[in-house]
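If you want the building blocks of each chain, they are given just below.
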Amino acid sequence: MEAQEIKRAVKIHDYIEKLEKLTSLSLKSSPVFLGLPSQKLILQIPERIKPCYEYVEQLYEDISEHDSLFKALRTGWGYINQDCKIVPNNKEQYFQQLNNSYAFRIAKERGHLVPDCLLEKKQFCYGQYEAYYAMHEIFQSNALGVWSMKPDSHNFRHTYAEWYKNVKLITSQFVVPSSRHKNSIPYIFDQLWVVSHNTNQVRLLGLEIAGENQFLNGGQSKTLRKNNYLKELGYEMYQVASWWCRVDPYRVICEFLNLSGIFPDATKYLIGSELNSIDEYVCGICSAPMVRWDWDWIQKCVVGDSTVLAHKHCVNHREFIS
Ligand SMILES: [Zn+2]
C-alpha cells in the first residue's frame, strides 16, 4: 500500500465518506454535474477591426473579469478567428491564483464591492485545483492516454483536432458581477472557457466547482440560483460537484466537453466512463479505492477472462503479485 496513487485514493475516499455523514447527502452517487445551462448561448462578435492581442494578453496574464472580456469582444477579437490559443504554460503560477481571496482582491481593484473579511480569508478548494490541473494536462497534450481510441482512431484524431482548435482561451478565477449594480459581491467562476463557434461567434462557458463547504453550510451552488441573470450576461453555466473533481478530474473535464457539445466523443472514449458512482472506483486487482489525479492512474487490463480497471501501480506490478 505504499504507492502514491493508492494512498491518495484511500484518503480521498475516506474524506468523501466523512462528508456524506456530515451533510447527510449521497455525494458518492451524485451526478458529476449538478447544474447545466438550459441552452447554448452564441454571441456575435464584430468582424475584425484591429488586432486585439493586448486584450488577450491582459486576460491571460491577469485574473480576468467580465468588463475587460466584453470590451475585447466588442472591439472585434481578431484572435478568435485565428489558430492561436491561450492556455496556461506555467501551471504553478496559475495554481497560486486558485484562492478566492486573490480573486476578490482583483475584483475590488476593479471597483466591485468586496468586504474586507473576504480579502483576509484564504479559501482554497481542492476540487478546483484538481479540475484545473486536469484541464491543463489535457491542453498541454500530456493526457491523451486518458482516452482509449483503438476502434476508430482516425475519427478520434479528427474530432479531437477540431474541438481543440475551437477552444480559444481558458482562464481561472474569472470575476463576474452578481447583479446589475457593483454594490453586491461578485461571483468568481472557477474556470471560464472562451470557445469559438462559427466565424465571428463565441460561446462563454463558466465552470463553477460547487464545493462541499457550500453544502456543509446548508447552501448550494451560488451561481445555480442566478443562472438566468448570468444567461442575460452571456454565460452558459456548468456547476460541477467538487467531490467528483477530487476523485476523477479528467472525467469532469471530459463530461464538460461532452455536455457543452465542444467534443461530444470525450466521454465515449474515456477510460472508466462506465463507472457510475464513486463507490465503483475500485481497483480490479487489489480492491482498494482509485482516484485519477494523473491521467494514467486508472488503467485497463486483462485479469483472467475479464477486462478490469486498476491502479497504474497494480498493473505495473502484476507479474510480481500473480
Ligand atoms: Zn490496485
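Remember, predicted model here, so these are calculated numbers, not experimental data.

**Q** Lay out the packing of aromatic side chains in plain terms, naming residues and giving numbers.
**A** Evaluation of the coordinates by the stated rule reveals 24 aromatic pairs. Where W147 meets F156, the ring centres are 5.7 Å apart and the plane angle is 55 degrees; that geometry is what we call tilted. Here W147 falls in the buried class, since its relative accessible area comes to 3%. Taking 5.2 Å as the distance between ring centres and 20 degrees as the angle between the ring planes, the aromatic pair formed by W163 and F263 counts as stacked.

**Q** Pulling in residues and values, what's your account of the nonpolar core?
**A** I138, W147, W163 and W193 are the most contacted members of the largest nonpolar core, which totals 66 residues. Ranked by the residues each element gives to this core, the list is headed by helix α7 (residues 126-139), at seven residues. Contacts of I138, omitting those with residues within four sequence positions, involve A143, W147, Y160, W163, Y164, Y250 and I253. By size, the runner-up hydrophobic cluster in this structure holds 22 residues, among which are A72, V194, V202 and M237.

**Q** Tell me about the environment of I253, residues and numbers included.
**A** With respect to the secondary-structure elements, I253 resides in helix α12 (residues 249-259). With 119 residues separating them in the primary sequence, I253 and A134 have C-alpha atoms 7.2 Å apart. I253 has contacts with A131, A134, M135, I138, Q191 and W193, leaving out every residue within four places of it along the chain.

**Q** Requested: an account of the coordination of the zinc ion, with residues and values cited.
**A** Taken together, C283 (SG), C286 (SG), H311 (ND1) and C314 (SG) make up the protein donors of the zinc ion, found 2.1 to 2.4 Å from the metal. Geometry at the zinc ion is tetrahedral, judged from its four donor atoms and the angles of 101 to 121 degrees they form at the metal. Written as a sequence motif, the donor residues of the zinc ion are C-x2-C-x24-H-x2-C. Taken together, the residues C283 in the loop between α12 and β7 (298-303) and H311 in strand β8 (residues 306-311) connect sequence positions 28 residues apart. Since its relative accessible area comes to 3%, C283 is described here as buried.

**Q** Any details on α7? Residues and values, ideally.
**A** Look at α7: 20 Å from first C-alpha to last across 14 residues, which is about the 20 Å you get at 1.5 Å a residue. Counting buried residues in α7 gives 12 out of 14 residues, a clear majority hidden from the surface. A positive backbone phi angle near 60 degrees is found at S141, which sits one or two residues after α7.

**Q** Provide a residue-level description of the pairing of strand β3 (residues 167-176), including the pertinent values.
**A** In terms of burial, β3 is largely enclosed, as 10 of its 10 residues are buried. Note: β3 against strand β4 (residues 187-196), eight bridges, orientation antiparallel. Note on β4: the bridge partner recorded for V175 is I188.

**Q** Go over the pattern of salt bridges with me, naming the residues and quoting the values.
**A** Under the criterion given, the structure shown has 13 salt bridges. A salt bridge links R110 to E65, with the shortest nitrogen-to-oxygen separation between them at 3.8 Å. Placement of R110 in the loop between α5 (100-109) and α6 (116-120) and of E65 in the loop between α2 (53-61) and α3 (66-74) is noted, with a sequence separation of 45 residues between them. Look at R110 and you get partly exposed, because its relative accessible area is 27%. Linked through salt bridges whose partners overlap, the residues forming this network are R8, E130 and R246.

**Q** An account of unusual backbone geometry is needed here, citing residue identities and associated values.
**A** Although it is not a glycine, S141 adopts a positive phi angle of roughly 60 degrees. Assignment of secondary structure puts S141 in the loop between α7 and α8 (153-166). Residue classification places S141 among the partly exposed residues on the basis of a relative accessible area of 39%.

**Q** Residues and numbers for the pairing of strand β5 (residues 201-210), please.
**A** The buried fraction of β5 amounts to 10 of the 10 residues, a majority that puts the element mostly inside the structure. Neither face of β5 is open: one carries Q201, R203, L205, L207 and I209, the other V202, L204, G206, E208 and A210, and all of them are buried. Note: strand β2 (residues 43-44) against β5, two bridges, orientation antiparallel. Note that in β5 the partner of Q44 across the bridge is Q201. Bridge count between β4 and β5: six bridges; the pairing is antiparallel. Considered in β5, the bridge of Q191 is made with L207. Between β4 and β5, which pair antiparallel one after the other, the connecting turn spans four residues, and N200 there sits at a positive phi close to 60 degrees. Examined bridge by bridge, β5 and strand β6 (residues 235-241) share seven bridges and lie parallel to one another.

Rules used throughout
Residues numbered from 1 in each chain as written. Predicted model: local features only at pLDDT ≥ 70, side-chain atom pairs only at ≥ 80, totals over all residues. Heavy atoms only, no water. Phe/Tyr/Trp six-rings, centres within 6.5 Å; stacked < 30°, edge-to-face > 60°. Buried < 20%, exposed > 50% of the residue type's maximum accessible area, 1.4 Å probe, protein only. Core = buried A, V, L, I, M, F, W, Y, C linked by side-chain atoms within 4.5 Å. Helix = DSSP H or I, 4+ residues; strand = E, 2+ residues; numbered from the N terminus. Contact = heavy atoms within 4.5 Å. Donors = N, O, S within 2.8 Å, 3.2 Å for Na, K, Ca; no water. Tetrahedral: all angles 85-135°; square planar, octahedral: opposite > 155°, others 65-115°. Expected span 1.5 Å × (residues − 1). Pairing = 2+ DSSP bridges. Salt bridge = Lys/Arg side-chain N within 4 Å of Asp/Glu carboxyl O.

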